[in-house]
Amino acid sequence: MKKKLLAAMLTLAMTASMGTMVYAEDAADYDVENREYNDVTITVHTRWDEADTSGPLYKAIVEGFMEKYPGITVETIAIPTESEWLNSEAVLMSDPASMPNVIVEYGGSRVAGYVEQDLIVKMDPYFEQYPDWPDRFNALGASMVDFSNYGYEGTYGVPFTAYEVMLFYNEDILNENGIDPASLQTWDDLMAACETLKANGVQPFEMGEKDDYRFGHLHSALNYKTYGCDMAEKLGSREVLYDGEEQKAVYQMIIDAADKGYLGSNLLGIDDGQERSLFNTGKTAFLFMGTWFCAEDHTGLELFDNQKIHALRMPYVNEEYKYHDMGGGNEAYYAINTGDADEVAASVLFLKYLTSEEVCNTFAAGYPAPMSVNVTTDAGNYLSQEAAAVIAETTDVRGDIENYDTATHMINTVRQALQGIAMGSSADEVGQTIVDLIAEYE
């Protein structure tokens, strides 16, 4: 009841403020390059992590932008932890007085909600002003800025990085245990390999479910590998229910692997950083992770220096969906209609600078992960090249499956329920928890 009341109050507050909003679409001039900016400050709400390889690159982008446009100051709110970042965004976006000027998001229903409230700047008139700009983007991130499925035509925001979730493996560990990586085609193949490893005293995975997106990603990937990528829309429209037999079968796959110890020995005590560290130092055989892993700083790590870590496509459950994967755009940037025309123009200019050829080439050279913006640099390491070969054969992708639901709370709701698996929840209990949480919001 409290959640319903809070949602109603926020909606009223947003509605009451709409009469004073100034939208970019009302402006006569979309030439943001030649506009005069005097002491304009914009705030960017992001997940940037200074401890990550990409952190200094993002910082350099902001500094380069301010150097080029000295009349604009860019302030950042960077919250690396996903759940905290999402909660922060929801709070800031609920009040016109606190809304940032630019947000990083994944598309889907949360952003569609902002589009519905006319809070996201429509990019089409700016693309018409600069016709070469939209040609910079490839198809990987298109779904994050296209909300036609929600009834809104046009383009909202710009995509930036991209990804695909894959299975990474330690060549030496598999060889020592008689496991041929080429044999890891199906989920059953992977589970059989895990059984062999466990019997030989080797830990297959150490998933860092302390960061609850880990089971969230596994749930999404297994759905696409079992039922195909259109399961995202089926779940989102509630054609398929979270407590139905299809979803309980996916929960059970995760439960079976967790109960046998394949996924980790301390699921809630390890975060994703520790998970990667254990794999990077040869403590585990497998890592289930997005291709951003390829771009991380592996300098000085023997396994990478000797090219002993490799990338495989996520094993399928049903063969017809072998080339359906979790992936697509990883980050999209959206300019916010704050009510200040100078701030909106400066925000769009920042997006244009961010996705320029020079900036993207520099970023890709330092962080060789897939991009939603075309780059001309050839900076990929051996692992990112292996991942690129996998991506080239992918026929369909979707991102986090919860993002296709019209209810914006679903990503947290599903991940909370899935985390119960680490505490002994059954498939029935996971499904019931999700349904019960949905009911609290309706």
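Provided above is the structure to which this section pertains.
Rules used in this analysis
Throughout this description, residue numbers start from 1 for each chain and increase along the sequence as written. Under the rules for a predicted model, residues below a pLDDT of 70 receive no local features and side-chain atom pairs below 80 are neither given nor counted, while totals for whole chains, interfaces and linings still include all residues. The basis for the side-chain values is all heavy atoms of the structure; hydrogens and waters are excluded. Where helices and strands are cited, they refer to DSSP runs of H or I of at least four residues and of E of at least two residues respectively, numbered from the N terminus. We call two residues contacting when some pair of their heavy atoms lies within 4.5 Å. Values of accessible area rely on a 1.4 Å probe in the Shrake-Rupley scheme; residue burial ignores everything except the protein chains shown. This count recognises Lys and Arg as positive and Asp and Glu as negative, with His and chain-terminal groups excluded. By convention, the charge on Lys lies at NZ, on Arg at CZ, on Asp at CG and on Glu at CD. Exposed residues in this analysis have more than 50% of their type's maximum accessible area, buried residues have under 20%, and partly exposed residues fall in between, with area computed by a 1.4 Å probe over protein chains only. Note on geometry: axes are C-alpha line fits, over the in-contact stretch for helices, and angles between N-to-C directions span 0 to 180 degrees. Angles below 35 degrees are treated as roughly parallel, those above 145 as roughly antiparallel, those between 65 and 115 as roughly perpendicular, and all remaining angles as oblique. Pairs of strands are assigned from DSSP output, requiring at least two bridges between the strands. Place the viewer so that the strands point away; then a crossover is right-handed whenever the path from the first strand over the helix to the second strand goes clockwise. Helix span is expected to be 1.5 Å times the residue number reduced by one. Any Lys or Arg side-chain nitrogen located within 4 Å of an Asp or Glu carboxyl oxygen qualifies as a salt bridge. The set of buried Ala, Val, Leu, Ile, Met, Phe, Trp, Tyr and Cys residues whose side-chain atoms join them within 4.5 Å is what this entry labels a nonpolar core.

Asker: So what about the overall build of the chain? Which residues, and what values?
Answerer: Along the backbone of the chain there are 17 helices and ten strands. Taking the principal axes of the C-alpha coordinates as reference, the chain spans close to 70 × 50 × 35 Å. Once local pairs closer than 6 in sequence are excluded, the contacts in the chain between residues at least 24 apart make up 80%. As displayed, the chain has an accessible area near 18,400 Å², and 48% of this comes from carbon and sulfur atoms. Taking the 26 positively charged and 74 negatively charged side chains of the chain as two groups, their mean positions are separated by 4 Å.

Asker: With reference to specific residues and values, describe unusual backbone geometry.
Answerer: You will see that Asp39, though not glycine, has its phi angle at about 55°, which is positive. Position of Asp39 among the secondary structure elements: in the loop between α1 (2-17) and β1 (40-46). Asp39 gets classed as exposed once you look at its relative accessible area, which sits at 76%. Within the chain, Arg238 stands out as a residue other than glycine whose phi angle is a positive 70°.

Asker: Can you lay out the packing of helix α8 (residues 213-227) against helix α16 (residues 410-419) for me, pointing to particular residues and giving the numbers?
Answerer: Relative to each other, α8 and α16 sit at 100°, their axes nearing to 8 Å. Of the possible angle classes, the one that applies to α8 and α16 is roughly perpendicular. Contact residues: Tyr213, Phe215, Gly216, His217 and His219 in α8; Val414, Arg415 and Leu418 in α16.

Asker: Tell me about the pairing of strand β2 (residues 72-78), residues and numbers included.
Answerer: In terms of strand pairing, β1 meets β2 through seven bridges, oriented parallel. Pairing of Thr43 across the sheet is with Glu75, part of β2. After leaving β1, the chain enters helix α2 (residues 54-68) and then returns to the sheet as β2, a path that is right-handed.

Asker: Let's hear about α2: which residues, and what values?
Answerer: In a regular helix each residue adds 1.5 Å, so 15 residues correspond to 21 Å; α2 covers 21 Å between its end C-alpha atoms and thus fits that length. For α2, every residue scored as buried is listed here: Ser54, Gly55, Leu57, Tyr58, Ile61, Val62, Gly64 and Phe65. Those residues of α2 that are buried lie in contact with β2, β9 (332-335), α13 (341-354) and α14 (357-366).

Asker: Can you explain the pattern of salt bridges? Please cite residues and give values.
Answerer: This model, assessed by the stated rule, comprises 19 salt bridges. In this structure, Asp342 and Arg35 form a salt bridge, with 2.9 Å as the shortest nitrogen-oxygen distance. With Asp342 in helix α13 and Arg35 in the loop between α1 and β1, this residue pair connects regions lying 307 residues apart in the sequence. Of the charged contacts, one joins Asp272 and Arg276 as a salt bridge, the two residues approaching to 3.3 Å between their closest N and O atoms. Placement of both Asp272 and Arg276 in helix α11 (residues 272-280) is noted, with a separation of four residues, approximately one turn of the helix. Comparing Asp272 with Arg276, the two get one shared label, buried. Because the salt bridges share partners, they merge into one network encompassing Arg47, Glu82, Asp400 and Arg415.

Asker: Describe in detail the nonpolar core, supporting the description with residues and values.
Answerer: Counting 119 residues, the largest nonpolar core has Trp133, Phe160, Phe168, Leu263, Phe286 and Tyr333 as the members making the most contacts within it. Top element by residues in this core is α13. It accounts for nine residues. The residues contacting Leu263, other than those within four sequence positions of it, are Gln203, Phe205, Glu206, Met207, Phe215, Leu218, Ile254, Ala257 and Ala258. In this structure, Ile120, Val145, Tyr156 and Ala332 belong to the second largest nonpolar core, which totals 16 residues.

Asker: Quick one: what's the story with the side chain of Thr43, residue by residue and with numbers?
Answerer: You can see Thr43 is positioned in strand β1. The class for Thr43 is buried, based on a relative accessible area of 17%. The residues contacting Thr43, other than those within four sequence positions of it, are Glu75, Ile77, Pro100, Asn101 and Val102.

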